[in-house]
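Analysis of the macromolecular model
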Amino acid sequence: MTTPEAETGPALEELRLAALLRQAPLEFARVVYGLNDRANGRAGTMAAEDVARTVRQGSLVTRERAEQRARGYLPLAGHEHCPRCWVFNGVKTPLHFRDATEERPESAVCKVCGAEYATALD
Ligand SMILES: [Zn+2]
């Protein structure tokens, strides 16, 4: 466990980017779950609702597109974009970082889709 003071500069950026990069394949998995749930009449699951919201926004959601985007997800330090918006929708939504507190580690929050990602290593 490092102190928050130690996590500054390039090291912190690298941790953030590594943490976000790990999320892209998980968001692809959510797309697959969501598509399967919808196909099987389970429209109420969180993954199915994420797919439904994307469709309502006018985007076609397919496994192939999501997989391509997950592979192509490349957040830039200082301009990190939301893995979920990207994989589901192909949209680059900026993430906002929420500082660590006593109770919880730092996280990255998307104000568009509501995703929240822990960005510290555990
Ligand atoms: Zn998002």
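Being a predicted model, the structure only gives us computed values, none of them experimental. (Residues numbered from 1 in each chain as written. Predicted model: local features only at pLDDT ≥ 70, side-chain atom pairs only at ≥ 80, totals over all residues. Heavy atoms only, no water.)

**Comments concerning the overall build of the protein chain**
To keep things clear, this is the line we draw: The way it works is that DSSP assigns letters per residue, a run of H or I at least four long becomes a helix, a run of E at least two long becomes a strand, and they are numbered from the N terminus. Think of it in three bands: residues with accessible area under 20% of the maximum for their type are buried, residues over 50% are exposed, and the middle band is partly exposed, with areas taken using a 1.4 Å probe on protein chains only. Residues are treated as being in contact if the distance between any of their heavy atoms lies within 4.5 Å. Accessible areas in this description were obtained via Shrake-Rupley with a 1.4 Å probe; residue shielding takes into account the shown protein chains only. Under the convention used here, Asp and Glu are negative, Lys and Arg are positive, and both His and the chain ends fall outside the count. Just so you know, the charge point we use is NZ for Lys, CZ for Arg, CG for Asp and CD for Glu.
Counting secondary structure elements, the protein chain contains four helices and three strands. Reading the protein chain from its N end, one meets helices and strands in the order α-α-α-α-β-β-β. Seen along its three principal axes, the alpha-carbon backbone of the protein chain occupies a region of about 50 × 30 × 20 Å. For the protein chain, buried positions account for 39% of its 122 residues. In the protein chain, 46% of the contacts between residues at least 6 apart in sequence involve partners at least 24 apart. Surface summary for the protein chain: the accessible area is close to 7,600 Å², and the carbon and sulfur share equals 55%. Of the side chains in the protein chain, 16 bear a positive and 17 a negative charge, and the two mean positions are spaced by 11 Å.

**Describing the confidence of the model for the protein chain**
Worth spelling out the cut-off: The predictor attaches a confidence to each residue, and that confidence, scored 0 to 100, is pLDDT.
With 91% of its residues at a pLDDT of at least 70, the protein chain reaches an overall mean of 91. Within the protein chain, strand E1 (residues 96-98) has the poorest average pLDDT of any element, 94, and helix H3 (residues 63-72) the best, 98.

**Considerations on the coordination of the zinc ion**
As a reminder, the rule being used: We call an atom a donor if it is N, O or S and sits within 2.8 Å of the metal, or 3.2 Å for Na, K and Ca. Water is not counted, so some sites may look partial. Square planar and octahedral assignments, for four and six donors respectively, both demand that opposite donors be over 155 degrees apart and that all other angles lie between 65 and 115; tetrahedral needs four donors with all angles between 85 and 135 degrees, and anything else is irregular.
Taken together, Cys82 (SG), Cys85 (SG), Cys110 (SG) and Cys113 (SG) make up the protein donors of the zinc ion, found 2.3 Å from the metal. The site at the zinc ion holds four donor atoms, and with the angles between them running 105 to 116°, its shape is tetrahedral. Mapping the donors of the zinc ion onto the primary sequence gives the spacing C-x2-C-x24-C-x2-C. With Cys85 in helix H4 (residues 83-89) and Cys110 in the loop between strand E2 (107-109) and strand E3 (116-118), this pair connects stretches of sequence that are 25 residues apart.

**A closer look at the packing of helix H1 (residues 10-39) against H3**
As a reminder, the rule being used: To obtain each axis, a line is fitted to C-alpha atoms, and for helices this fit is confined to the stretch in contact; angles are then taken between N-to-C directions over 0 to 180 degrees. In this scheme, roughly parallel covers angles under 35 degrees and roughly antiparallel covers those over 145, while 65 to 115 is roughly perpendicular and the rest are oblique. Under this grouping Gly is polar, as are all residues other than the nonpolar Ala, Val, Leu, Ile, Met, Phe, Trp, Tyr, Cys and Pro and the charged Asp, Glu, Lys and Arg.
Direction vectors running N to C along H1 and H3 enclose 170°, while the axes themselves pass 9 Å from each other. The angle between H1 and H3 falls in the class roughly antiparallel. Contacts from Ala24, Phe28, Val31, Val32 and Leu35 of H1 reach H3 at Arg63, Ala66, Glu67 and Ala70. Considering only residue class, the contact of H1 with H3 consists of seven nonpolar, no polar and two charged.

**Things to note about the nonpolar core**
Short version of the rule: Only buried residues count toward a nonpolar core, which is a set of Ala, Val, Leu, Ile, Met, Phe, Trp, Tyr and Cys residues joined through side-chain atoms within 4.5 Å.
Counting residues in hydrophobic clusters, the biggest one holds 21 residues, and the most contacted among them are Cys82, Val87 and Cys110. At the level of elements, H1, H3 and H4 are the ones that each hand at least two residues to this core. Among the elements that take part in this core, H1 stands out by supplying five residues, more than any other. Residues in contact with Cys110, not counting those within four places in the same chain, are Cys82, Cys85, Thr93, Leu95 and Ala115.

**What to know about the environment of Gly114**
If you trace the backbone, Gly114 turns up in the loop between E2 and E3. For Gly114, a relative accessible area of 52% translates into the label exposed. Once the C-alpha coordinates of Gly114 and Lys92 are considered, the two residues, 22 residues apart in sequence, prove to be 14 Å apart.

**What to know about helix H2 (residues 46-56)**
Since the α-helix packs 3.6 residues into each turn, any two residues three or four apart lie on the same face. Within the sequence span of H2, burial applies to Ala47, Ala48, Asp50, Val51, Ala52 and Thr54. Gly58 sits one or two positions beyond H2 and adopts a positive phi of about 95°.

**Quick notes on the packing of aromatic side chains**
Where we set the bar: Any pair of Phe, Tyr and Trp rings, taking the six-membered ring for Trp, is counted once the centres come within 6.5 Å. Such a pair is stacked with planes under 30 degrees apart, edge-to-face with planes over 60 apart, and tilted for the rest. Two limits define a charge over a ring: the Lys NZ or Arg CZ must be within 6 Å of the ring centre, and within 35 degrees of the ring normal.
Taken as a whole, this structure holds zero aromatic pairs when the rule is applied. The aromatic ring of Phe97 is capped on one face by Arg16, whose charged end is 3.7 Å from the ring centroid. Residue placement shows Lys92 over the ring face of Trp86; its charged tip is 5.7 Å from the ring centre.

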